[in-house]
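So you can see what is in the structure, the chains are spelled out below.
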Amino acid sequence: MRISSAAGAGARSVEAQLKVSRIPSLRLRTVADCVAPGAVVADIGTDHAQLLAWLRIQGRITAGLGIDIAAGPLAQARRTLAATRTEGVTLRQGDGLSVLTPGEVDTVTIAGMGGARVIRMVDAAAAVVERLTRLVLQPNSDWTAVRRWLAARGWVLHQERMVEDRGKFYVVWAIQPRPGPAASWTEDELHLGPRLLLERPPAFTAWLQRERARVDQALRRASVAGPTKGPRLAALRAHADRLSRALAPPPDC
Ligand SMILES: C[S@@+](CC[C@H](N)C(=O)[O-])C[C@H]1O[C@@H](n2cnc3c(N)ncnc32)[C@H](O)[C@@H]1O
């Protein structure tokens with residue numbers, strides 16, 4: 001991979017570069033915050049390459065490799081890199097992590113895709129993954145399934161962040177993919193997030209409240225529809241209980 005000595009070398013300031021770039025969404029900036037300084041990063045499904053451009057313009061990473069399966073997004077990525085005059089980012093067309101060689105990068109980011117697809121892509125590239133120091137994941141769906149998968153592998157969870165961006169909530173995980181003993185997270189932790197439950201950032205409280213309102217409405221609809229039984233109703237009730245527990249004020253010590 002081509003690695004240039006500095007992002008935006010020469011007299012151009014970060015501010016000048018940012019003027020011609022689109023500042024990425026809060027969601028992508030949260031993903032960027034989970035990347036360790038100095039990392040060599042492959043961004044899978046890079047699309048517009050805004051994440052890598054942002055990281056490089058700020059001098060946060062040593063080099064970036066944007067990977068996308070489709071030609072159209074890569075053309076958009078080239079436009080972003082040209083418009084922001086970002087150096088030190090290369091682009092490659094291919095499927096997931098399969099176009100990486102083990103040790104080529106130390107960090108992989110995957111953002112904006114479904115959780116099941118993220119799991120499939122990571123599982124298909126064990127040799128690449130075992131040489132990574134960090135995996136940063138922001139799946140748009142299947143958060144509980146992703147947590148079950150992480151727990152089963154015993155990978156170290158560095159950070160679990162939640163962010164609200166333009167009315168939607170997103171979870172971002174920074175993981176050290178070193179196999180260890182499986183994490184014994186409870187069902188509440190698997191559904192709501194072990195670190196989020198502990199750290200309780202404001203976006204998490206806002207999400208709990210929104211989720212509680214959504215589940216209450218679904219339960220009301222179910223009761224109007226008649227005496228509904230079955231696993232879906234039981235799952236809704238269990239989720240409502242879980243949200244109530246998480247929203248309850250902590251007991252006085
Ligand atoms: C919704 S966009 C997300 C873009 C960006 N990561 C973000 O979070 O804003 C998904 C991108 O992933 C690409 N993609 C889907 N499957 C892929 C795969 N198996 N390997 C590489 N790229 C893939 C798509 O072509 C698309 O550009």
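Above this text is the structure in question.
Per-chain numbering applies: the sequence of each chain, read as written, is numbered from 1 onward. Only residues with pLDDT of at least 70 get local features here, since the model is predicted, and only at 80 or more are side-chain atom pairs given and counted; chain-wide, interface and lining totals rely on the full set of residues.

1. Considerations on helix H10 (residues 202–224)
Residues spaced three or four apart along an α-helix point in a common direction, a consequence of the helix completing one turn every 3.6 residues. Each helix is a run of DSSP H or I of at least 4 residues and each strand a run of E of at least 2, with the numbering of both proceeding from the N terminus. Take the number of residues in a helix, subtract one, and multiply by 1.5 Å to get its expected span. With 23 residues, H10 extends 33 Å between its outermost C-alpha atoms, agreeing within 8% with the 33 Å of an ideal straight helix rising 1.5 Å per residue. Here a residue counts as buried when 20 or more other C-beta atoms fall within 10 Å of its C-beta, as exposed when 12 or fewer do, and as partly exposed in between; the C-beta atoms come from the backbone. Residues of H10 that are buried include every one of Phe204, Trp207, Leu208 and Val215, and no others. Contact between two residues is assigned whenever their backbone-derived C-beta positions fall within 7 Å. Where H10 is buried, its residues touch strand E6 (156–165), strand E7 (168–176), helix H9 (194–199) and helix H11 (231–247).

2. Brief notes about the sheet that holds strand E5 (residues 134–139)
Pairing is mixed in the open sheet, where seven strands are placed in the order E3-E2-E1-E4-E5-E7-E6. Strand pairing shows two members of the sheet lacking a second neighbour, strand E3 (89–93) and E6, which therefore form its edges. Geometrically, the sheet is characterised by an average inter-axis angle of 15° between neighbouring strands, direction not taken into account. Taken together, the nine bridges between E6 and E7 define a ladder with antiparallel strand orientation. Within E7, the residue paired with arginine 161 across the bridge is valine 172. Note on definitions: angles span 0 to 180 degrees between N-to-C directions of axes, and those axes are lines fitted to C-alpha atoms, for helices only across the stretch in contact. Each of strand E2 (61–68) and E3 is contacted by helix H4 (residues 71–83), which is oriented at about 170° to E3, the strand it contacts most. Two strands are counted as paired when DSSP detects at least two bridges linking them.

3. Concerning the packing of helix H2 (residues 26–33) against helix H3 (residues 50–57)
The interhelical angle for the contact between H2 and H3, taken along N-to-C directions, is 55°, at an axis separation of 10 Å. Between H2 and H3, the angle is such that the two are oblique. Judged by the sense of rotation from one axis to the other, the crossing of H2 with H3 is right-handed. In this structure, H2 uses Leu28, Val31 and Ala32 to contact H3, whose residues at the interface are Gln50, Leu51, Trp54 and Leu55. Orientation is classified from the angle alone, with under 35 degrees giving roughly parallel, over 145 giving roughly antiparallel, 65 to 115 giving roughly perpendicular, and any other angle giving oblique. Helix crossings are classified by the rotation of the near helix relative to the far one: an anticlockwise turn of less than a right angle makes the crossing left-handed, while a clockwise turn makes it right-handed.

4. Brief notes about unusual backbone geometry
Notably, aspartate 47 is not glycine yet its phi reads approximately 55°, a positive angle. Its place among the elements puts aspartate 47 in the loop between strand E1 (39–44) and H3. Assessed through the 18 C-beta atoms surrounding it within 10 Å, aspartate 47 is described here as partly exposed. One non-glycine residue, arginine 85, lies in the positive phi region at around 50°. For arginine 85, the location among the structural elements is in the loop between H4 and E3.

5. A word on the site of the ligand
The ligand sits among 16 residues. The nearest are Gly45, Asp47, Pro73, Ala111 and Gly112. Listed by contribution, the elements that provide at least two residues to the shell around the ligand are E2 and strand E4 (107–113). A total of three residues in the shell around the ligand trace back to one element, the largest contributor, which is E4. A breakdown of the residues in the shell around the ligand according to their chemical character gives nine nonpolar, four polar and three charged. As used in this record, a residue near a molecule or strand is one whose C-beta atom, placed from the backbone, is within 6 Å of it. Each residue is assigned to one of three groups, with Ala, Val, Leu, Ile, Met, Phe, Trp, Tyr, Cys and Pro labelled nonpolar, Asp, Glu, Lys and Arg labelled charged, and all others, Gly among them, labelled polar.

6. A look at the pairing of E3
For a regular strand, side chains alternate in direction, first toward one face of the sheet and then toward the other. Bridging between E2 and E3 involves five bridges; their strand directions are parallel. Across the sheet, isoleucine 67 pairs through a bridge with arginine 92, a residue of E3. Clockwise travel from the first strand over the helix to the second, with the strands pointing away from the viewer, marks a crossover as right-handed. In terms of handedness, the path from E2 via H4 over to E3 forms a crossover that is right-handed.

7. Quick notes on the environment of aspartate 95
As for its position among the elements, aspartate 95 is in the loop between E3 and E4. Separated by 26 residues in sequence, aspartate 95 and methionine 121 place their C-alpha atoms 8.4 Å apart.

8. Description of helix H7 (residues 143–153)
Here H7 has its buried residues at Trp143, Val146, Arg147 and Leu150. Looking straight down H7, one finds that the buried residues subtend no more than 100° of arc, so they occupy a single side. In this fold, the buried residues of H7 make contact with helix H5 (115–123), E5, E6, E7 and helix H8 (187–192). Here the arc refers to the directions that run from the helix axis out to each C-beta atom.

9. Details of the packing of H5 against H7
Contact geometry for H5 and H7: axes closest at 8 Å, N-to-C directions at 25°. The orientation of H5 with respect to H7, classified from their angle, is roughly parallel. Contacts between H5 and H7 pair Gly115, Ala116, Val118 and Ile119 from the former with Trp143, Ala145, Val146 and Trp149 from the latter. Counted by class, the contact of H5 with H7 contains seven nonpolar, one polar and no charged residues.

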